[in-house]
Number of protein chains: 2
Amino acid sequence: MTSAILEEIQKTIVQRLPERVQVAKVEFEGPEVVIYTKNPEIITENGDLIRNLAKDLRKRIIIRSDKSVLLDPEKTMDKIHEIVPEEAKITNISFDEVTCEVLIEAKKPGLVIGKYGVTSRGIVKKTGWAPKILRTPPISSEIIERVRNTLKHNSKERKKILQDLGARIHQGSKYENEWARLTSMGGFKEVGRSCMLLQTPNSRVLLDCGVNVTGDEKTAYPFLNVPEFSLADLDAVVVSHAHLDHTGFLPYLYHYGYEGPIYCTTPTRDLMTLLQLDHIDIAHREDDSLPFNVKHVQKSIKHTITLDYGEVTDISPDIRLTLHNAGHILGSAMAHMHIGDGQHNMVYTGDFKYERSRLLEPATVRFPRVETVVMESTYGGHEDVQPSRNNAEKQMMKTIYKNLKRGGKVLLPVFAVGRAQELMIVLEEYMRHGMIEKVPIYIDGMIWEATAIHTARPEYLSKDLRDQIFHMGRNPFISEAFHKVQNVNERKDIVEGEPCIILSTSGMLTGGNSVEYFKWLCDDEKNTLIFVGYQSEGSLGRRIQKGWKEIPLKEEGKTKVFNVQMEIKTIEGFSGHSNRRQLMEYVKKLSPRPEKIIMCHGDAYKTMDLASSVHTSYKIETKTPLNLESIRIQ
Amino acid sequence: MTSAILEEIQKTIVQRLPERVQVAKVEFEGPEVVIYTKNPEIITENGDLIRNLAKDLRKRIIIRSDKSVLLDPEKTMDKIHEIVPEEAKITNISFDEVTCEVLIEAKKPGLVIGKYGVTSRGIVKKTGWAPKILRTPPISSEIIERVRNTLKHNSKERKKILQDLGARIHQGSKYENEWARLTSMGGFKEVGRSCMLLQTPNSRVLLDCGVNVTGDEKTAYPFLNVPEFSLADLDAVVVSHAHLDHTGFLPYLYHYGYEGPIYCTTPTRDLMTLLQLDHIDIAHREDDSLPFNVKHVQKSIKHTITLDYGEVTDISPDIRLTLHNAGHILGSAMAHMHIGDGQHNMVYTGDFKYERSRLLEPATVRFPRVETVVMESTYGGHEDVQPSRNNAEKQMMKTIYKNLKRGGKVLLPVFAVGRAQELMIVLEEYMRHGMIEKVPIYIDGMIWEATAIHTARPEYLSKDLRDQIFHMGRNPFISEAFHKVQNVNERKDIVEGEPCIILSTSGMLTGGNSVEYFKWLCDDEKNTLIFVGYQSEGSLGRRIQKGWKEIPLKEEGKTKVFNVQMEIKTIEGFSGHSNRRQLMEYVKKLSPRPEKIIMCHGDAYKTMDLASSVHTSYKIETKTPLNLESIRIQ
Ligand SMILES: [Zn+2]
Ligand SMILES: [Zn+2]
Ligand SMILES: [Zn+2]
Ligand SMILES: [Zn+2]
Ligand SMILES: [Zn+2]
């Protein structure tokens, strides 16, 4: 069946390419079709040939050389160094014998590609090897290294995974696309464990698969036991962004036999690996058991297919996926799903920010077509009127300015991914312009690693930041203002030392080093604690925020009461979520206007408040399902 | 696993019964537990013993004799004739060696049972055989004979089916009952192909499985391809009533491998067999192919478990079913489902009439508990104000009276089940009281068979009718006013003969003998055609109703134009469905008041009109799902 389709495609390809192109082999590699040829240069030098072929076949096409024409690896290395200018700063070259690719890691990957790809085409021509060019992060990242090594060392297995997947995707629709429906499996009328299942007569696609880290055994995980879900029938998982409430349960899928792909952006893959490993780590330390382990995170990496924003990809016989910027965190995406032959288009927003931030562009509002939108409503209540980014920044800087003036230290407990990097950019900017005193900014724990991942993917940052990095050669993340903190001794030196700013996790003082810093700094009224994120009920952060002055905490096994003398500040407006006004504005600006909006990712009350306002203001049908409901979208 | 449960139960039974009761064997038989004993008389004479045991085990218990104590069949026959009074009019006695039951068919089954069961207990005591007493229909019924023979000849297979089923039902809940949900698979925002799936973490139960006989390949059958449905996982099918829009697709389930039970009332089993066979017959004649055949109807019969109204039965590890009168047609039921351990109660109304009719009691409004109601809305539009039964009767009788006065003939095209019998009762009553002339009433085709089934189940008729039949010994259905018509010659004699009344199918003149009668009678203005049922758009009935005077119809292969001279009347109010006022009144009277009402079985507009009125008037949450949606009910 499958080989028949592949043969068909191969026949078309051979017919359509000039005779002198010797097609050695045609293979599926996930959603793509790979052509192995003995003279790749003919094709690579005639871009139109492939562009037209791809258009006709309606498939993405990749050209690689047949093994017989590959240059010896050592000679290839020499050739590459000959062709690529020194300023590209190549840090590593390795060979994938399975895919006939040469992996070139460089500090300036753009120079390995060359203007209009001229350099990389030169490599193909001279060596036969297809170059796969990766950026060497300016700050080295353990996670990125881990991910790249996992892929390198499992190239053969991955090839097999991709071939099987390709066969499945390209098998063609068995049934007519009479309907499409969506089942809510988690994160509806609640925040946490986001998960939903898109179904058509031909496919099943899961959108996100998160955990509620503060939930108990009944509320922590999505309802994978809903009758329409089965791992065996699952075609694909699409992930909006790296936060655990959207990715925390993915390893479980692989633990229980899922063998299909995850689609997401590259930063999402890396950041979610970081967060998943940290989740396992914390559970381990707290003697909590999770229903999966590091092995399954590793397995997810092998099954992940990364997509850039705007890249259109077949993910099942009748669903075509395109990711678009969501403005929430690095790599966060809205998933546009084109179902059947133009029958229906659905957008799942994931978490999104409809406001330009220091770090990211605002969420996409224009789509080629869209009938149904599934939309987050975290701040959907009409009282959710957080100040603008601009105001929040000014307020924070005033507080820090005053603190440093009086010789104090500033503690910023933050979540590692997103808000931390946003604050780093602001602090660096203000400090560089002399608007606050030049003091060391200490970056503790996981924040550093998350930042390293940000530096590896500058393409995903805001235009302003990209301009700074690419054209002005100034990457704020590698500024000398920032210092990585690695162990207890360093921390002790910091709290006993000069005025400074400390960014540390966890953001709600529910564990991690931020609590340790708090203990050290709380009894001095010169110091300041600034909350920039949500403090959930019951957390230490919330109690301090409320004004508790005597806090009992464990210290070396004993409980000790800490007196809060330090200044306590809460600054709103740094959220990665759209506030109420931005949510409403987003719906208003959405183009084209959708027929139906389904609300998710919000407390029941906020979800319903937003739904009713959208319905009243814009006359769009809205739905507020509970978990475990299914809605016809077509 | 299963045998462990059975052993457990057997242990309890042995402990709880007096030592002199020798328990030979304990078996599951569907939802019931059967105790085989060597001295059944001890138990049957101490009713409390079993009642208490059943209460403790929360299971239904049946007592049978061990094979070793059974009297020889021939001697048993003699004994039975000795014990049972002649007036019982036994018509047949047969033995089921598998279940150790003796089947006694009698015209007056009450006399075989005896006062407080004394006679049937006598049979057990004297012969060992457990009597199963069946009514011999006053009008012989091919269908009932067919059903009884099917069960007799497949006793062994049926025993196996029931044992397997018992094991499944009694296996206990594997998962906690955190939720319950309902998936609409057909008949939502439409009429026809009624079908829905009730799901809990422990069970899947299908409610109805109908066809839309006027639908095309896309609209005729319910969406069995909805992802949460699988025949292998199905625990049970519950059927509300016999009409094909609720039962027409059941044979398909057995064709494709379903091996589980159907639960319904006895009249529903018999009437649906009649209608299913007729459906297959018609398709055959019209060269239409159905995706099942007579074999699969046969298989459904073997898998059907009949329940009386009010009989509480476990149908899965966590669902307990009770059927209640729906007042729609003979045996029509509302299904009350008790889910989990008192966690949730749902009522599916099926089609229902909330008004006393000649034939049936009005639908049940009181339930022990009910949180969710799934309710039909056929006449849910606020313009659906059909006259009362009483007015309809009067109007019809006036028409018939005038017709017969002038020496005409009356043609009543009717649907075979329900309306036909209702009219028969009215006609017989008026004629007996001399309020219309005494002329023959001809009952054509399937109506006769459907009526025969009615006479076999007088327990399901209205109190008035039961009183007439049981206490006054007058069964209107066997009145001499009625004449069975069997072939074309008889029909010709009728149309050429004296004034008369003719009841014939189909009800919409879409085929069947009613069209033939029309052809013969239409050109005489003395005759009258009375429509008492809905005439769907495009049917011949509708065209005549609209006033067409020249009707082209096939006659002996050629098309001939028929001139309509006969009187045409439409009389509303005989519907088996509640009108708008009755629907609203039903919700108002429902006790206890439900939390949520889900609307089905109605055009989109009527469904929504009723939902919105119920919501406004009674402040009950209403839902109007499309097909293929799922709703949380708990
Ligand atoms: Zn998020
Ligand atoms: Zn989220
Ligand atoms: Zn009906
Ligand atoms: Zn119906
Ligand atoms: Zn309302």
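Residues numbered from 1 in each chain as written. Chains lettered and ligands numbered in written order. Predicted model: local features only at pLDDT ≥ 70, side-chain atom pairs only at ≥ 80, totals over all residues. Heavy atoms only, no water.

Side chains that are nonpolar tend, in soluble globular proteins, to be buried together. With 85 residues, the main nonpolar core has B:Met396, B:Ile501 and B:Leu503 as its most contacted residues. Counting residues per element, this core draws most heavily on helix α14 (residues 419-432) of chain B, which supplies 8 residues. Residue contributions to this core reach at least three from each of two domains, namely domain 2 (174-383 + 577-632) and domain 3 (402-570) of chain B. Not counting residues within four places of it along the chain, the set of residues in contact with B:Met396 comprises B:Leu412, B:Leu423, B:Val426, B:Leu427, B:Ile530, B:Val532, B:Ile571 and B:Phe574. Judged by nonpolar contacts, the second largest core, of 84 residues, contains A:Ile143, A:Met446, A:Trp448 and A:Ile453. (Core = buried A, V, L, I, M, F, W, Y, C linked by side-chain atoms within 4.5 Å. Buried < 20%, exposed > 50% of the residue type's maximum accessible area, 1.4 Å probe, protein only. Helix = DSSP H or I, 4+ residues; strand = E, 2+ residues; numbered from the N terminus. Domains from an automatic or database assignment. Contact = heavy atoms within 4.5 Å.)

Residues and elements named next belong to chain A. With distances of 2.1 to 2.2 Å, the protein atoms coordinating the zinc ion (ligand 2) are Asp 245 (OD), His 246 (NE2), Asp 351 (OD) and His 601 (NE2). With 4 donor atoms in place around the zinc ion (ligand 2) and angles of 89 to 165° between them, the coordination shape is irregular. Here the donor residues for the zinc ion (ligand 2) map to a single chain with the spacing D-H-x104-D-x249-H. The metal-metal distance between the zinc ion (ligand 2) and the zinc ion (ligand 1) comes to 3.3 Å, with Asp 351 coordinating both. Linking His 246 in helix α9 (residues 244-247) with Asp 351 in the loop between β16 (344-348) and β17 (372-376), this pair joins segments that are 105 residues apart in sequence. For the residue pair His 246 and Asp 351, the accessibility class agrees, reading buried in each case. (Donors = N, O, S within 2.8 Å, 3.2 Å for Na, K, Ca; no water. Tetrahedral: all angles 85-135°; square planar, octahedral: opposite > 155°, others 65-115°.)

Before going further, it helps to examine the sheet that holds strand β16 (residues 344-348) of chain B. Residue and element names in this part refer to chain B. The mixed open sheet is built from 7 strands, whose spatial order is β13-β14-β15-β16-β17-β26-β27. The sheet is open, and its two edges are formed by β13 (313-316) and β27 (621-623), each paired on a single side. Pairs of neighbouring strands in the sheet enclose a mean axial angle of 25°, with direction left out of account. Summarising the sheet, strand β15 (residues 333-339) and β16 pair through 5 bridges and their orientation is antiparallel. Bridge pairing in β16 links His 338 to Asn 345. (Pairing = 2+ DSSP bridges. Axes fitted to C-alpha atoms, helices over the stretch in contact; angles between N-to-C directions.)

Residue and element names in this part refer to chain B. Taken together, 3 strands build an open sheet; the order of strands is β1-β2-β3 and the sheet is mixed. The sheet is open, and its two borders are formed by β1 (23-29) and β3 (60-65), each paired with just one other strand. Within the sheet, the average angular offset between the axes of one strand and its neighbour, ignoring direction, is 25°. The pairing of strand β2 (residues 32-37) with β3 spans 6 bridges and is classified as parallel. Counterpart to Tyr 36 in the pairing with β3 is Arg 64. Here helix α3 (residues 47-57) sits on the sheet in contact with β2 and β3, set at roughly 135° to β3.

All names here are of chain B. Within the protein, the zinc ion (ligand 4) binds to Asp 245 (OD), His 246 (NE2), Asp 351 (OD) and His 601 (NE2); these donor distances fall in the range 2.1 to 2.2 Å. Given 4 donor atoms and angles of 89 to 165° at the metal, the environment of the zinc ion (ligand 4) is assigned as irregular. The motif formed by the donor residues of the zinc ion (ligand 4), counted along the single chain, is D-H-x104-D-x249-H. Between the zinc ion (ligand 4) and the zinc ion (ligand 3) the interatomic distance amounts to 3.3 Å, and Asp 351 serves as a bridging ligand to the pair. Highlighted residues: Asp 351 in the loop between β16 and β17 (372-376) and His 601 in the loop between β26 (596-600) and α21 (604-618), separated in sequence by 250 residues. The class of His 601 is buried, set by a relative accessible area of 2%.

All names here are of chain B. With 5 of 5 residues buried, strand β8 (residues 195-199) lies mostly within the body of the structure. Across the two faces of β8 the burial is the same, with Cys 195, Leu 197 and Gln 199 and Met 196 and Leu 198 all buried. Pairing between strand β7 (residues 181-186) and β8: 5 bridges, direction antiparallel. Across the sheet, Ser 184 pairs through a bridge with Met 196, a residue of β8. Across 5 bridges, β8 lies against strand β9 (residues 204-209) in antiparallel orientation. The partner of Leu 197 across the bridge, within β9, is Leu 206.

Attention shifts here to the environment of B:Leu103. All names here are of chain B. By the secondary structure assignment, Leu 103 is in strand β5 (residues 101-106). Under the relative-accessibility criterion, Leu 103 is labelled buried at 11%. For Leu 103 and Lys 79, which are 24 residues apart along the polypeptide, the C-alpha to C-alpha distance reads 14 Å. Once residues within four sequence positions are removed from consideration, Leu 103 is found in contact with Asn 92, Ile 93, Ser 94, Asp 96, Lys 132, Leu 134 and Lys 152.

When chain B is brought onto chain A, the operation consists of a screw motion whose angular component is 180° and whose axial shift is 0.0 Å, with 0.1 Å RMSD remaining. Such a combination of rotation and displacement between the chain copies is what one expects of a two-fold axis. It is B:Glu228 whose C-alpha, among those of chain B, lies nearest the rotation axis, at 1.8 Å. A share of 100% of interface residues in chain B that are also interface residues in chain A marks the association as one of identical surfaces. (Least-squares fit on C-alpha atoms with pLDDT ≥ 70 in both.)

With that out of the way, let us pick up the domain arrangement of chain A. All names here are of chain A. When cut into domains, chain A gives domain 1 (70-136), domain 2 (172-383 + 577-632) and domain 3 (389-570). Look at where the C-alpha atoms of domain 2 and domain 3 centre, and you get two points 30 Å apart. Residue-level contacts link 25 residues of domain 2 with 25 residues of domain 3. Summed over both partners, the interface of domain 2 with domain 3 comes to about 2200 Å²; 66% of that surface belongs to carbon and sulfur atoms. The largest share of the area that domain 2 buries against domain 3 comes from Leu 330, Arg 358 and Leu 359, three residues that together contribute 38% of it. The interface formed by domain 2 and domain 3 includes 3 salt bridges. Here domain 2 is connected to domain 3 by 10 residue pairs in polar contact (both at pLDDT 80 or more). When the residues that make up the side of domain 2 that touches domain 3 are grouped by side-chain class, the tally is 11 nonpolar, 5 polar and 9 charged. (Buried area = accessible area lost by both parts, 1.4 Å probe. Salt bridge = Lys/Arg side-chain N within 4 Å of Asp/Glu carboxyl O. Polar contact = N/O pair within 3.5 Å; in protein donor to acceptor, adjacent residues only side chain to side chain. Nonpolar A, V, L, I, M, F, W, Y, C, P; charged D, E, K, R; others polar.)

What follows covers the packing of helix α7 (residues 142-153) of chain B against helix α15 (residues 446-456) of chain B. As a packed pair, α7(B) and α15(B) sit with axes 8 Å apart at the nearest point and diverge in direction by 65°. Across from B:Glu142, B:Ile143 and B:Ile144 in α7(B), the residues of α15(B) making contact are B:Glu449, B:Ile453 and B:Ala456.

To continue, consider the interface of chain B and chain A. Tallying the contact residues gives 21 residues for chain B and 21 residues for chain A. Carbon and sulfur atoms supply 47% of the area buried between chain B and chain A, which totals about 1900 Å² over both sides. If you sort the residues of chain B by the area they bury against chain A, B:Pro227, B:Leu628 and B:Arg632 come out on top, with a joint share of 30%. One can count 4 salt bridges joining chain B with chain A. Here B:Glu176 ties to A:Lys218 by a salt bridge, and the two come within 2.7 Å at their closest N and O atoms.

The subject of this paragraph is the UniProt feature "binding site: Zn(2+) 2" (unreviewed entry) in chain A. Residue and element names in this part refer to chain A. Residues annotated in UniProt with the feature "binding site: Zn(2+) 2" (unreviewed entry) correspond here to Asp 245, His 246, Asp 351 and His 601. A maximum C-alpha distance of 10.3 Å is found for the annotated residues, which run over 357 residues; spatially they form one tight group. Setting aside chain neighbours within four positions, we find His 601 in contact with Gly 187, Glu 190, Val 191, Ser 194, Asp 245, His 246, Asp 351, Glu 376, Ser 377, Thr 378 and His 577. (UniProt positions renumbered as here; feature names shortened; annotations may be inferred.)

Residues and elements named next belong to chain A. Counted by the stated rule, this structure contains 20 aromatic pairs over all chains. Ring centres of Phe 95 and Trp 129 lie 4.8 Å apart, and the angle between their planes is 65°; this geometry places the pair in the edge-to-face category. Note that Phe 95 is positioned in strand β4 (residues 90-96) and Trp 129 in the loop between α6 (118-127) and β6 (130-135), a separation of 34 residues in sequence. Residue classification places Phe 95 among the partly exposed positions, given a relative accessible area of 21%. Ring geometry for Tyr 354 versus Tyr 586: centroids 5.3 Å apart, planes at 80°, classification edge-to-face. Linking Tyr 354 in the loop between β16 and β17 with Tyr 586 in helix α20 (residues 580-589), this pair joins segments that are 232 residues apart in sequence. In this structure, Tyr 354 and Tyr 586 share a single accessibility class: buried. Through a chain of ring-to-ring contacts, three or more aromatic side chains come together here, namely Tyr 221, Phe 249, Tyr 252, Tyr 256 and Phe 292. (Phe/Tyr/Trp six-rings, centres within 6.5 Å; stacked < 30°, edge-to-face > 60°.)

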